Amino acid sequence: MKNSTSMSAPTEVELKLALPPTQIDALLHHPVLASTPPVQQQLANTYFDTPAGDLAAARIAVRLRQLDSQVLQTVKTAGQGGGGLSSRQEWEWQVPDPSLDQSALAALPPFQNALADKIAALRSTLSTDFTRRSWQLAWQGSKIELVLDEGEIVCGKARAPICEVELELKAGDPEALWSLAAELASQVPLRPSDSSKASRGNALGRQQWPLPDAQHPAEWLHRATVALDAYHDSGDATHLIAAQQALATLAQHPQLDSAARADAEMLPKALDSAGMPTTAYGAAALNLARRFAYETALR
């Protein structure tokens, strides 16, 4: 847990993977997890922003989390990465009750400039309530926390399900995240996800899911990933079509070498008509994402 009085920039490095709800048992019975019982917790989270959406525009998340008898306040900046991998600044500390610690926010780097005047206007905008199962894993000389989150995002009258896996690097080499994800994806149909719970909730509230522009291969994979995230939250088939088009464009991109092209050509064929991944999709997408990591800014 990070102390709010520290002006250092603690960094969270994690890999986010979307999991079809029908595949939860397959994940739980994967050999990496099957012999280790998880720690299970209920998490109730409230996110804050101004009425004008200043934090969302700055890609900063402010959250209060109820965890057992504790209330934690968290600030996260935008992630840098792609294909599910993100590296972001994060501050977290315990507060006495479920109300924002505005003075502590004012001391943090993200609120030193234009956002300093917005702190007083912050209000609750959305919630994410979910069950978290977590495993502490030693993997290829690194320490990784794997969590499975199941629950719901609520913003006004809009709702979207949460079913995702996050691999967070606690110590060691970020390459271990890719290796562990590939091992899981060899038996479970996972796919990279580039949309945080906060950004998903903000899109639900606006009922708008803008897609990033793309030119380079990493950007086309990112666009396809965000479009799939948008499709599963909105139910709007135009986002699935956009994802399929982005994958088709990626497969034909002239900048790909032969190995990357083989993976890229697999993706359109390995995504089913409901936008759900097969194991072949997960393996190919992770191979490409590993190549493209750190090249795009995340939502």
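Residues numbered from 1 in each chain as written. Predicted model: local features only at pLDDT ≥ 70, side-chain atom pairs only at ≥ 80, totals over all residues. Heavy atoms only, no water.

## Focus on the overall build of the protein
Our working definition: Strands are runs of DSSP state E lasting at least two residues, helices are runs of H or I lasting at least four, and both sets are numbered from the N terminus onward. For the radius of gyration, the atoms used are the C-alpha atoms, and the globule rule reads 2.2 Å times the number of residues raised to 0.38. Accessible area is worked out with a 1.4 Å probe on protein chains only. A residue is then buried under 20% of its type maximum, exposed over 50%, and partly exposed in between. In what follows, a contact means two residues having at least one pair of non-hydrogen atoms within 4.5 Å. Just so you know, the count uses Lys and Arg for positive and Asp and Glu for negative, and it drops His and the chain ends. Just so you know, the charge point we use is NZ for Lys, CZ for Arg, CG for Asp and CD for Glu.
Each helix and strand counted, the protein has 10 helices and 11 strands in total. For a compact globule of 299 residues, the expected C-alpha radius of gyration is about 19 Å, and the protein comes in at 19 Å, within 12% of that figure. Taken over the C-alpha atoms alone, the protein extends approximately 55 × 45 × 35 Å along its principal axes. Per-residue burial for the protein yields a buried fraction of 54% across its 299 residues. Sequence separation of at least 24 residues holds for 66% of the intrachain contacts in the protein that already meet a minimum separation of 6. Each charge sign in the protein was given a centre, from 25 positive and 33 negative side chains, and these centres are 2 Å apart.

## Quick look at the pairing of strand β4 (residues 70-76)
Quick note on the threshold: By this definition, two strands are paired if DSSP reports at least two bridges between them.
With six of its seven residues buried, β4 lies for the most part within the structure. The sheet contact formed by strand β3 (residues 61-67) and β4 spans seven bridges and is antiparallel. When the sheet's bridge partners are listed, Val62 is paired in β4 with Val75.

## Looking at helix α7 (residues 217-234)
Threshold: One less than the number of residues in a helix, times 1.5 Å, gives the span that helix is expected to have.
With 18 residues, α7 should cover 26 Å at 1.5 Å per step; its first-to-last C-alpha distance of 25 Å lies within 8% of that length. Counting buried residues in α7 gives 14 out of 18 residues, a clear majority hidden from the surface. Phi turns positive, to about 75°, at Gly235, one or two residues after α7.

## Describing the packing of helix α9 (residues 258-269) against helix α10 (residues 279-292)
Helix packing geometry: the angle between the two helix axes and the distance between the axes. Defined as follows: Every axis corresponds to a line fitted to the C-alpha atoms, with the helix fit spanning only the stretch in contact, and the corresponding angles, defined between N-to-C directions, vary from 0 to 180 degrees. Should an angle fall under 35 degrees it is called roughly parallel, over 145 degrees roughly antiparallel, and 65 to 115 degrees roughly perpendicular, with every other angle called oblique. A clockwise turn of the near helix away from the far one marks a right-handed crossing, whereas an anticlockwise turn of less than a right angle marks a left-handed crossing.
In the contact formed by α9 and α10, the axes pass within 9 Å of each other and the chain directions differ by 140°. Taken together, α9 and α10 sit at an angle that is classed as oblique. As for how α9 packs across α10, the hand of that crossing is left-handed. Seen from α9, the contacting residues are Ala259, Ala260, Asp263, Ala264, Met266 and Leu267; seen from α10, they are Ala280, Tyr281, Ala284, Ala285, Asn287, Leu288 and Arg291.

## Observations concerning unusual backbone geometry
Phi is positive for Arg59, which is not a glycine, with a value near 55°. By the secondary structure assignment, Arg59 is in the loop between α3 (54-58) and β3. Judged by its relative accessible area of 34%, Arg59 is partly exposed. In this model, Asp68 sits at a positive phi of 55°, which is unusual for a non-glycine residue. In this structure, Asp68 sits in the loop between β3 and β4.

## Structural notes on the nonpolar core
How we decide: Only buried residues count toward a nonpolar core, which is a set of Ala, Val, Leu, Ile, Met, Phe, Trp, Tyr and Cys residues joined through side-chain atoms within 4.5 Å.
Core analysis: the biggest nonpolar cluster contains 56 residues, and Leu19, Val165, Leu167, Leu250 and Leu267 have the highest contact counts within it. Not counting chain neighbours up to four residues away, the residues in contact with Leu167 comprise Val13, Glu14, Leu15, Leu17, Ile144, Glu145, Leu146, Leu177, Leu180, Ala181 and Leu184. Residues Ile60, Val62, Leu108 and Ile119 belong to the second largest nonpolar core, which totals 18 residues.

## Considering the environment of Leu167
Inspection of the secondary structure puts Leu167 in strand β9 (residues 158-171). A relative accessible area of 0% means that Leu167 is categorised as buried. Sequence separation of Leu167 and Leu148 is 19 residues, and the distance between their C-alpha atoms is 9.2 Å.

## Quick look at the pattern of salt bridges
We count it as follows: One speaks of a salt bridge when a side-chain nitrogen belonging to Lys or Arg is within 4 Å of a carboxyl oxygen belonging to Asp or Glu.
The full count for this structure, using the stated rule, is 18 salt bridges. Among the salt bridges present, the one from Glu145 reaches Lys170, with a minimum N-O distance of 3.7 Å. Of this pair, Glu145 sits in strand β8 (residues 142-155) while Lys170 is found in strand β9, placing the two residues 25 residues apart along the sequence. For Lys170, a relative accessible area of 47% corresponds to the partly exposed category. By sharing partners, the salt bridges in this structure join Lys16, Arg132, Asp149, Glu164, Glu166, Lys197, Arg200 and Asp233 into a single network.

## Here's the deal with the confidence of the model for the protein
Short version of the rule: For every residue, the predictor states its confidence as a pLDDT score lying anywhere from 0 to 100.
When pLDDT is averaged across the protein, the result is 91; 92% of the residues are at 70 or more. Confidence drops under a pLDDT of 50 for residues 1-8, and excluding neighbours within four residues, the segment shows 20 contacts in the predicted structure.

## Some details on the packing of α7 against helix α8 (residues 237-251)
It is at 8 Å that the axes of α7 and α8 come closest, and there the two elements cross at 160°. By the angle between their axes, α7 is roughly antiparallel relative to α8. The handedness of the crossing between α7 and α8 is left-handed. Contacts between α7 and α8 involve Pro217, Trp220, Leu221, Arg223, Ala224, Ala227, Leu228, Ala230, Tyr231 and Ser234 from the first element and Ala237, His239, Leu240, Ala242, Ala243, Ala246, Leu247, Thr249 and Leu250 from the second.

## Structural notes on the pairing of strand β1 (residues 11-18)
Of all eight residues that make up β1, seven are buried, and the element is covered over most of its length. Summarising the sheet, β1 and β9 pair through five bridges and their orientation is antiparallel. Within β9, the position partnered with Leu17 by the bridge is Val165. Where β1 lies against strand β10 (residues 191-192), two bridges are found, and the strand directions are antiparallel. Bridge pairing in β10 links Leu17 to Pro192.

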